[in-house]
Amino acid sequence: MNASRSVLLKVMYGAVVITNVFAMYYDYTVSDKNLPELKEFTKLLTTSEKFRLPLKGRIIFLTYWNLILQAVYFTICLLNDFIGTNEVAPKRMPLIRKVKDYTLAAFAFPVALNVGVTFWTLMAIDRELVFPKALDAVFPGWLNHVMHTNIVIFMVLEICTSFRQYPSRRAGLTGLGIFMSAYLGWLHVIHHFGGIWVYPVLEVLNMPQRIAFFAVSLAFCVGLYLLGEFFNNLIWTKELKQLKSATSAGGAKTTSSENPTEQQAFMDIV
C-alpha cells in the first residue's frame, strides 16, 4: 500500500470514529433535553424508575449497537495501521489484523447494511413504523444520516479500499448468528420486563408474523454476509490468488525442508 493511500485510510478511519462518538454524545446530551416528549410519543423506557437501561435507554436499539460496533471496528483499523500490517501475505499475521478481518466479515459489514437497508426500506413503506415524523424535532437530519446512511457508505468504502481474507464461512456465520441472536433475545427481554416492543412495527404483528419477521431478518443477515464475501472476493481476486500462492509456496518449502531429515532417518535405519 502506497504512503498516500495509507494516510487517506487513516484519515477516513479517524473521521468515522470521531463522527460516531460525537453522534452518540450529541444524542445522549443534546437530544436528551427532549426525552420527556420522546418518552411520551414512543413509550420507551428511557427514564423509567422501574427498569433503567444503559445510555438512557438507547441501548435497546440495534442502531446503537451498530454505532458502537462501527466505532470499535474503525478503531481496530487505526490500531492495525500503526501496530499491525496491511500486507496481503505477511510472514506472520498479527493478532490485530486477524481481529480486524474477522470483525468486518462477521459483524461490521452485515450488521451495518442490515441497519441501513432495513431502516430506509421501512421508511419508504411507512416511516411511522420505524422513525415517526414526530422524532424529527428530536433528531436532526445529520444525526439520522450518521446512524443510518454513513454506516453503509463507509463499510462499502472500507471493503473496496482495504484487503482482507474472509474467515471460513462456518466461523463467520457463527459469529454473526451469535450477535444477531443476542440482539433478538435482548428485544424479548425488553418486552418481558417493560411490556413494549422496541420497534413500532413489532406492535402491529401477531405472533406468527413476528416469528416470520425475525426469521426473515436472520436470513437477510446471512444474505448480507454472503454478499460481503462475494464482493470482497470479486474486488480482491488478484490479491487472494497472491495470498494462496504464497501459502502454497510456504507449505511446499516446509515439506521440502522436512524431506532431507526423513531421508536421513531412513538411511540411518538402513
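Residues numbered from 1 in each chain as written. Predicted model: local features only at pLDDT ≥ 70, side-chain atom pairs only at ≥ 80, totals over all residues. Heavy atoms only, no water.

### A few points about the overall build of the protein
What counts here: Secondary structure follows DSSP: runs of H or I at least 4 residues long count as helices, runs of E at least 2 residues long count as strands, and numbering of each begins at the N terminus. Only protein chains enter the calculation, and the probe is 1.4 Å; a residue is then buried if its accessible area is under 20% of its type maximum, exposed if over 50%, and partly exposed in between. Only heavy atoms enter the contact rule, under which two residues are in contact if any of them lie within 4.5 Å. Accessible areas in this description were obtained via Shrake-Rupley with a 1.4 Å probe; residue shielding takes into account the shown protein chains only.
Across its full length, the protein holds 10 helices and 0 strands. For the protein, the α and β elements follow one another from N to C terminus as α-α-α-α-α-α-α-α-α-α. A buried classification covers 42% of the 270 residues belonging to the protein. Taking the contacts inside the protein whose residues are at least 6 apart along the sequence as the reference set, 78% of them involve residues at least 24 apart. Only carbon and sulfur atoms are counted for the fraction: they give 67% of the accessible area of the protein, which is about 14,700 Å².

### Structural notes on the pattern of salt bridges
Note the cut-off: Criterion for a salt bridge: a side-chain nitrogen of Lys or Arg within 4 Å of a carboxyl oxygen of Asp or Glu.
Taken as a whole and assessed by the stated rule, the structure comprises 5 salt bridges. Residue Lys100 is joined to Glu158 by a salt bridge in which the shortest nitrogen-to-oxygen separation is 3.7 Å. Linking Lys100 in helix α4 (residues 95-126) with Glu158 in helix α6 (residues 150-161), this pair joins segments that are 58 residues apart in sequence. Residues Lys100 and Glu158 agree in their burial class; the two are buried. For Arg127, the salt bridge goes to Asp136, with nearest N and O atoms at 2.9 Å. For Asp136, a relative accessible area of 37% puts it in the partly exposed group. Each of the salt bridges in this network shares a partner with another, and the network as a whole consists of Lys100, Glu158 and Arg164.

### Observations regarding the packing of helix α3 (residues 62-83) against α6
Spelled out, the test is: An axis is simply a line fitted to the C-alpha atoms; with a helix, the fit covers only the stretch in contact. Between two such axes, the angle follows the N-to-C directions and lies from 0 to 180 degrees. By definition in this entry, angles of less than 35 degrees are roughly parallel, angles greater than 145 are roughly antiparallel, angles of 65 to 115 are roughly perpendicular, and the rest are oblique. Note on convention: near helix rotated counterclockwise from far helix by under a right angle means a left-handed crossing. Clockwise means right-handed.
Contact geometry for α3 and α6: axes closest at 12 Å, N-to-C directions at 30°. The angle between α3 and α6 falls in the class roughly parallel. In this structure, α3 meets α6 at a crossing whose hand is left-handed. Two secondary-structure elements touch here, α3 through Asn66, Gln70, Tyr73, Phe74 and Cys77 and α6 through Ile151, Phe154, Met155 and Glu158.

### Quick word on the nonpolar core
For clarity, the cut-off: The set of buried Ala, Val, Leu, Ile, Met, Phe, Trp, Tyr and Cys residues whose side-chain atoms join them within 4.5 Å is what this entry labels a nonpolar core.
Residues Leu62, Phe74, Val111, Met155, Phe179 and Leu187 are the most contacted members of the largest nonpolar core, which totals 45 residues. At the level of secondary structure, the elements contributing two or more residues to this core comprise α1 (3-29), α3, α4, α6, α7 (169-194), α8 (200-203) and α9 (207-235). The element best represented in this core is α4, accounting for 10 residues. Every residue in contact with Phe74, bar those within four places of it in the chain, is listed here: Met12, Tyr13, Val16, Val17, Phe154, Met155 and Glu158. Grouped together as the second largest cluster of nonpolar side chains are 15 residues, Ala23, Phe119, Leu122 and Val138 included.

### Some details on α4
Helical periodicity: at 3.6 residues per turn, an α-helix aligns residues three or four positions apart in one direction. Quick note on the threshold: Between the first and last residue of a helix there are one fewer steps than residues, each counted as 1.5 Å, and that sum is the expected span. Take the seven residues that end at a residue and the seven that start at it, fit an axis to each, and the angle between those axes is the bend at that residue.
Between its first and last C-alpha, α4 extends 44 Å over 32 residues, near the 46 Å set by a 1.5 Å rise per residue. The largest bend in α4 comes to about 50°, at Leu104.

### Brief notes about the packing of α4 against α7
Our working rule: Three classes are used, and their members are as follows: Ala, Val, Leu, Ile, Met, Phe, Trp, Tyr, Cys and Pro are nonpolar, Asp, Glu, Lys and Arg are charged, and the others, Gly among them, are polar.
At a minimum axis separation of 9 Å, α4 and α7 run at an interaxial angle of 50°. When the interaxial angle is binned, α4 and α7 end up oblique. When you trace α4 past α7, the crossing you get is right-handed. Side by side, α4 and α7 meet where Tyr102, Ala106, Phe107, Pro110, Val111 and Asn114 of the first sit next to Ala171, Gly172, Gly175, Leu176, Phe179 and Met180 of the second. Within the contact of α4 with α7, the residues separate by chemical class into 9 nonpolar, 3 polar and no charged.

### Here we look at the packing of aromatic side chains
The criterion, for reference: Pairs were defined over the aromatic rings of Phe, Tyr and Trp, the Trp ring being its six-membered one, requiring ring centres within 6.5 Å. Orientation was assigned from the angle between planes: stacked under 30 degrees, edge-to-face over 60, tilted for the rest. Should the NZ of a Lys or the CZ of an Arg lie within 6 Å of a ring centre and within 35 degrees of the ring normal, that charge is described as sitting over the ring.
Scanning the entire structure with this criterion turns up 15 aromatic pairs. Ring geometry for Trp65 against Tyr183: centres 5.0 Å apart, planes inclined by 75°, an arrangement best described as edge-to-face. A residue pair is termed long-range when its members are at least 10 positions apart, and Trp65 in helix α3 and Tyr183 in helix α7 qualify at 118 residues. You'll find Trp65 and Tyr183 in the same group, each marked buried. Taken together, Trp65, Tyr102, Phe107, Phe179 and Tyr183 form an aromatic cluster joined through their ring pairs. The ring of Phe82 has Lys10 sitting right over it, with the charged end atom 5.3 Å from the ring centre.

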